[in-house]
Amino acid sequence: MAIPSTPLKTTAASAPVVNPRAALAVVTTIFFMWGFLTCLNDILIPHLKSVFQLNFAQAMLVQFTFFGAYFLMSLPAGWLVAHVGYKKGIVIGLMVAGIGALGFWPAAELRIYGAFLTTLFVLATGITVLQVAANPYVALLGPERTSSSRLTLAQALNSLGTTLAPYFGGVLILSSTVRSSEQIAAMPELERAAYFVSEAQAVQGPYLGLGIFLFVLALFVFLFRLPALIETTEQSDTRAHRWADVLRHPHLVFGVLGIFFYVGAEVTIGSLMVNYFSLPEIGGITEAQASRYLMAYWFLAMVGRFAGSAMMVILSPRKSLAAFAAVNIALLATTMSSTGMLAVYSLIAIGLFNSIMFPTIFALSIERLGPLTSKASSLLIMAIVGGAVVPFLQGLLADRIGLQHSFILPLLCYGYIIFYGLVGARPGTASGRGG
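Residues numbered from 1 in each chain as written. Predicted model: local features only at pLDDT ≥ 70, side-chain atom pairs only at ≥ 80, totals over all residues. Heavy atoms only, no water.

**Student:** Quick rundown of the overall build of the protein chain? Include the residues and the values.
**Tutor:** Within the protein chain one finds 21 helices and zero strands. For the protein chain, with 435 residues in total, the buried portion stands at 54%. Taking the contacts inside the protein chain whose residues are at least 6 apart along the sequence as the reference set, 82% of them involve residues at least 24 apart. Accessible area of the protein chain: about 17,700 Å², with a carbon and sulfur share of 69%. (Helix = DSSP H or I, 4+ residues; strand = E, 2+ residues; numbered from the N terminus. Buried < 20%, exposed > 50% of the residue type's maximum accessible area, 1.4 Å probe, protein only. Contact = heavy atoms within 4.5 Å. Areas by Shrake-Rupley, 256 points an atom, 1.4 Å probe, with all protein chains shown as cover.)

**Student:** Would you mind going over the packing of helix α13 (residues 250-277) against helix α16 (residues 340-348) in detail, with residue names and values included?
**Tutor:** With their axes 11 Å apart at the nearest point, α13 and α16 run at an angle of 165° to one another. Viewed along their axes, α13 and α16 adopt a mutual orientation that is roughly antiparallel. You can see that α13 and α16 cross each other, and the crossing is left-handed. For the pair α13 and α16, contact is made by Ile269, Met273, Tyr276 and Phe277 and by Ala343, Val344, Leu347 and Ile348, respectively. (Axes fitted to C-alpha atoms, helices over the stretch in contact; angles between N-to-C directions. Parallel < 35°, antiparallel > 145°, perpendicular 65-115°, else oblique. Left-handed = near helix turned anticlockwise from the far one by under 90°.)

**Student:** Break down the packing of α13 against helix α20 (residues 386-401) for me, citing the residues and quoting the values.
**Tutor:** Viewed as axis vectors pointing N to C, α13 and α20 meet at an angle of 55°, and their least axial separation amounts to 7 Å. Classified by the interaxial angle, the pair formed by α13 and α20 is oblique. Read as a crossing pair, α13 and α20 show a hand that is right-handed. Residues Phe260, Val263, Gly264, Ala265, Val267, Thr268 and Leu272 of α13 lie in contact with α20, whose contacting residues are Gly386, Gly387, Val389, Val390, Pro391 and Gln394. Among the residues making up the contact of α13 with α20, the classes are represented as eight nonpolar, five polar and no charged. (Nonpolar A, V, L, I, M, F, W, Y, C, P; charged D, E, K, R; others polar.)

**Student:** For the side chain of Gln131, give the residues involved together with the corresponding values.
**Tutor:** Here Gln131 shows up in helix α7 (residues 113-140). Among the polar contacts made by the side chain of Gln131, one reaches the side chain of Asn135 at a distance of 2.8 Å. Apart from residues lying up to four places away in sequence, Gln131 is in contact with Trp34, Tyr70, Pro136, Phe358, Ser377, Ile381 and Ile384. (Polar contact = N/O pair within 3.5 Å; in protein donor to acceptor, adjacent residues only side chain to side chain.)

**Student:** Account for the nonpolar core, naming residues and giving values.
**Tutor:** One finds Leu94, Tyr207, Val221, Ile269, Phe277, Leu347 and Tyr414 to be the most contacted residues of the largest nonpolar core, which totals 123 residues. With 16 residues, α7 is the single largest residue contributor to this core. With residues near it in sequence (within four places) discarded, Leu94 still touches Ile30, Leu130, Leu214, Leu217, Ala218 and Val221. (Core = buried A, V, L, I, M, F, W, Y, C linked by side-chain atoms within 4.5 Å.)

**Student:** Talk me through helix α15 (residues 317-336); I want residue IDs and the actual numbers.
**Tutor:** For the α-helix, the turn length of 3.6 residues means that residues three or four positions removed from each other point alike. The terminal C-alpha atoms of α15, which comprises 20 residues, lie 28 Å apart, in line with the 28 Å expected from a rise of 1.5 Å per residue. Every buried residue of α15 is listed here: Pro317, Arg318, Ser320, Leu321, Ala322, Phe324, Ala325, Asn328, Leu331, Leu332, Thr335 and Met336. (Expected span 1.5 Å × (residues − 1).)

**Student:** Before we move on, can you summarise unusual backbone geometry with the specific residues and values?
**Tutor:** Positive phi values are uncommon outside glycine, yet Arg111 reaches one of about 55°. The residue Arg111 is located in the loop between α6 (104-110) and α7 in this model.

**Student:** Pulling in residues and values, what's your account of the confidence of the model for the protein chain?
**Tutor:** On average, residues of the protein chain score 80 in pLDDT, and 83% of them are at 70 or above. Below pLDDT 50 for its whole length, residues 429-435 participates in 19 contacts with residues either more than four positions away or in separate chains. (pLDDT = per-residue confidence, 0-100.)

**Student:** So what about a nonpolar patch on the surface? Which residues, and what values?
**Tutor:** Together, Leu102, Trp105, Leu208, Ile212 and Val216 make up an exposed nonpolar region whose accessible area comes to about 420 Å². Sorting elements by how many residues they give to the nonpolar patch places helix α11 (residues 204-223) first, with three residues. For Leu102, the position within the fold is in helix α5 (residues 86-102). (Patch = residues over 30% accessible without salt bridge, like charges linked within 9 Å, V, L, I, M, F, W, Y side chains within 5 Å. Salt bridge = Lys/Arg side-chain N within 4 Å of Asp/Glu carboxyl O.)

**Student:** I'd like a description of the environment of Gly270, backed by residues and values.
**Tutor:** Assignment of secondary structure puts Gly270 in helix α13. You can call Gly270 buried: its relative accessible area is 11%. Sequence spacing of Gly270 and Met295 is 25 residues, and the spatial spacing of their C-alpha atoms is 9.4 Å. With near-sequence residues (within four places) excluded, Gly270 lies in contact with Leu294 and Tyr297.

**Student:** Any chance you could break down α5 for me, citing the residues and the numbers?
**Tutor:** With 17 residues, α5 ought to run about 24 Å at 1.5 Å a step, and its terminal C-alpha atoms sit 24 Å apart, in line with that. Those residues of α5 that fall on the buried side of the exposure criterion are Tyr86, Gly89, Ile90, Val91, Gly93, Leu94, Ala97, Gly98, Gly100 and Ala101. Here the buried face of α5 lies against α1 (20-39), α4 (61-84), α6, α7, α11 and α19 (373-382).

**Student:** Any chance you could break down the environment of Pro280 for me, citing the residues and the numbers?
**Tutor:** For Pro280, the location among the structural elements is in the loop between α13 and α14 (287-314). Between the C-alpha atom of Pro280 and that of Thr339, which follows or precedes it by 59 residues, the distance is 9.3 Å.

**Student:** Before we move on, could you go through the pattern of salt bridges and cite the residues and values that matter?
**Tutor:** A full pass over the atoms with the stated rule returns one salt bridge. Between Arg318 and Glu367 there is a salt bridge whose closest N-O contact spans 2.9 Å. Of this pair, Arg318 sits in helix α15 while Glu367 sits in the loop between α18 (357-365) and α19, placing them 49 residues apart in sequence. Side by side, Arg318 and Glu367 carry an identical accessibility label, which is buried.

**Student:** Before we move on, could you go through the environment of Pro136 and cite the residues and values that matter?
**Tutor:** With respect to the element layout, Pro136 can be found in helix α7. For Pro136, a relative accessible area of 0% puts it in the buried group. Spatially, the C-alpha atom of Pro136 lies 9.9 Å from that of Ser378, the residues being 242 residues apart in sequence. Here Pro136 is in contact with Tyr86, Gln131, Phe362, Ile366, Thr373 and Ser377, once residues within four sequence places are set aside.

This is the structure:
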């Protein structure tokens, strides 16, 4: 991956030069951490469902709370990063996430579901700040022509976190057998109370360790002399920038929609994959077996991002984005029109071609925005709420036309991404004002 060999200097005259490769290595550890923390939600859902005897709608409040934080806190996070800069924004995000992780200890002691949701919202708020600060920072940490490559590499580390989290979460949180409602109802009252206490406390140790690690990482980033890149924040410009100034750039507006549709498609495919593969006419396998294919879906996304970080140096990011979206449309059409293992493998393969989409859309959306970058970043992160909206809409569609045919919705999402890659991603599209 092409990173300039010339060291980047910090703003302070006395500060030593900083190797951009070292700076990139430090920031990519943050991508790993928020991927790890985000994927632990998939472990929390069955765990809390058992502990609090929840139905599926109540259990899914975990995801609703998490993605809700992206939507509600992205604009405040953008304001924060615009005024304190990327480095301090990253440090603050790590500390807020650390507070959220530590909050799982009192939540478990209280054994109140709402307390878990509250501390999860705090954790997700910290991750939102990290997303708003770290994504543009990596994209700007070097030449503009290789920004997609750098961000794809960083997102690969994020995917490594999502790949490892289910294993460690399963060992640390779900190590005991989760009992069914019938089994719990059959327990003596004292044994049932003890079971609920032990299950609630199972999250305390892992999240306490994560909270401490997040604070240590925040201290390390604070002490490490990361390039400030002040010229790309509002700190470098005395003019007051309005949101209207940001929205005047059509390639950003199209990019916000691109993030919304991409995250929506990625999450809805992953969310419905286990149920889909369990259908007799598709995989005809158990849900436990289907979950292994889900791991393959996310693993392929990680592999694709590592490969894509090198590929994007030499290929056009716009054309590559459109081509990968076209392949995913073909794969979705295949799974919708076939049965058996062909339908299974064609859906799993989508993970590989999802790989470059988020970082490429993000990098293209903030091109040439200068001091407006932090505000633009907050809008892009807010668009991650597509991960809550599109799956819900596909669920409604599946109830009406069947699960297999409901995949027409993510297919249409990838159709928009083709448009964005070929037309919408070019600065100046539609209004002629590329900034």
